[in-house]
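# Working through the structure, step by step
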Amino acid sequence: MLDATTLARVDNVRSLWLRPRKARRGEPPLTLPRIAEAAVELLDAEGIDRLTMRRLAERLAISAPSLYWHVDTKDDVLDLAVDAIFGELTPAPRDDGWRANVTEVITAWRTILLRHPWAASVPARRRPAIGPNFLSWMERLQSALAAAGFTGPDLAAATWALYNHVFGSAAAQTALTISAEERRIAQEKLRTDGFPTLAASGYFHDDDWDGGFTRGLGFLLDGLERQERAESPGP
């Protein structure tokens, strides 16, 4: 059991991953992995807006009070679910350079996020993703960038540029809904309302998500490679 002193010390620690576990004699046979599995199933089937502690308890065939012995809030459940999906893929590190390793990581992230469409919006919420599975991926990303020579603020900036690209791309792809008729009308308005560049580029007809993601990642990696070469000491 947590004593009063410990409870006071962790009162301001919101993340499930940073709080000590509560325990009681005769605790029900419920584990965090089981909660995470049920949460992912519920989120995949019905979306993030339908996730409630009551509905999750029903899926687990337990009472809500039993669930609250393991997680305090819906945010705790989302923390578990996000980390669980990042444990689904574990590609081996590549030996053909930092760009290949970064591409491997970012492409795997996109695969995970598109497989679980609710997930792309979660990191933009109030809490960081700091579960062990997600951190192992972030470690792989930063180790690849560090191998390329990035350090300090440059390492952080490169990390978040890539992170934002994959999460932003996945969030847009999974959330955007527009009908063919809406596309047609919106595209025509670009022409008549004075947006010639957008009209010429077919802005509202651009739905090549895979191609756009790949080209955007290439632009980022090209820029990072130029930056790395510019800062590398000469021969």
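Conventions and cut-offs
- Residues numbered from 1 in each chain as written.
- Predicted model: local features only at pLDDT ≥ 70, side-chain atom pairs only at ≥ 80, totals over all residues.
- Heavy atoms only, no water.
- UniProt positions renumbered as here; feature names shortened; annotations may be inferred.
- Helix = DSSP H or I, 4+ residues; strand = E, 2+ residues; numbered from the N terminus.
- 1 Å grid on protein atoms, 1.4 Å probe; cavity = no way out; pocket = protein on both sides within 12 Å on 5 of 7 lines; lining within 4 Å.
- Points joined across faces, edges and corners; volume = space filled by probe spheres on them.
- Nonpolar A, V, L, I, M, F, W, Y, C, P; charged D, E, K, R; others polar.
- Domains from an automatic or database assignment.
- Expected span 1.5 Å × (residues − 1).
- Buried < 20%, exposed > 50% of the residue type's maximum accessible area, 1.4 Å probe, protein only.
- Contact = heavy atoms within 4.5 Å.
- Phe/Tyr/Trp six-rings, centres within 6.5 Å; stacked < 30°, edge-to-face > 60°.

The name given to the protein in an unreviewed UniProt entry is TetR family transcriptional regulator, with the source organism recorded as Amycolatopsis suaedae.

On to the UniProt feature "DNA-binding region" (unreviewed entry) in the protein, then. When the UniProt feature table is mapped onto this chain numbering, "DNA-binding region" (unreviewed entry) sits at residues 52-71. Measuring from the first to the last C-alpha atom of residues 52-71 gives 12 Å, for a span that is 65% helix and 0% strand.

The subject of this paragraph is empty space enclosed by the protein. In total, this model carries two cavities of 30 Å³ or more according to the counting rule given. Within this model, the largest cavity holds a volume of roughly 70 Å³. Per element, the largest residue contribution to the lining of the largest cavity is four residues, and it comes from helix H5 (residues 74-85). Of the residues contributing to the lining of the largest cavity, the split by class is nine nonpolar, one polar and three charged. Residues lining the lining of the largest cavity come from more than one domain, with at least three contributed by each of domain 1 (28-88) and domain 2 (90-231).

As a further point, take helix H2 (residues 32-46). Taking 1.5 Å of rise per residue, 15 residues should cover 21 Å, and H2 covers 21 Å from first to last C-alpha, within 8% of that figure. Listed in full, the buried residues belonging to H2 are Leu32, Ile35, Ala36, Ala38, Ala39, Val40, Leu42 and Leu43. If you follow the buried residues of H2, they end up packed against helix H3 (53-60), helix H4 (64-68) and H5.

Considering all chains together, one arrives at 10 aromatic pairs under this definition. Relative to Phe204, the ring of Tyr203 has its centre 5.0 Å away and its plane inclined at 80°; by these criteria the two rings are edge-to-face. Overall, Tyr203 belongs to the partly exposed group, its relative accessible area being 46%. Through a chain of ring-to-ring contacts, three or more aromatic side chains come together here, namely Phe86, Trp109, Phe134, Trp160, Tyr163 and Phe167.

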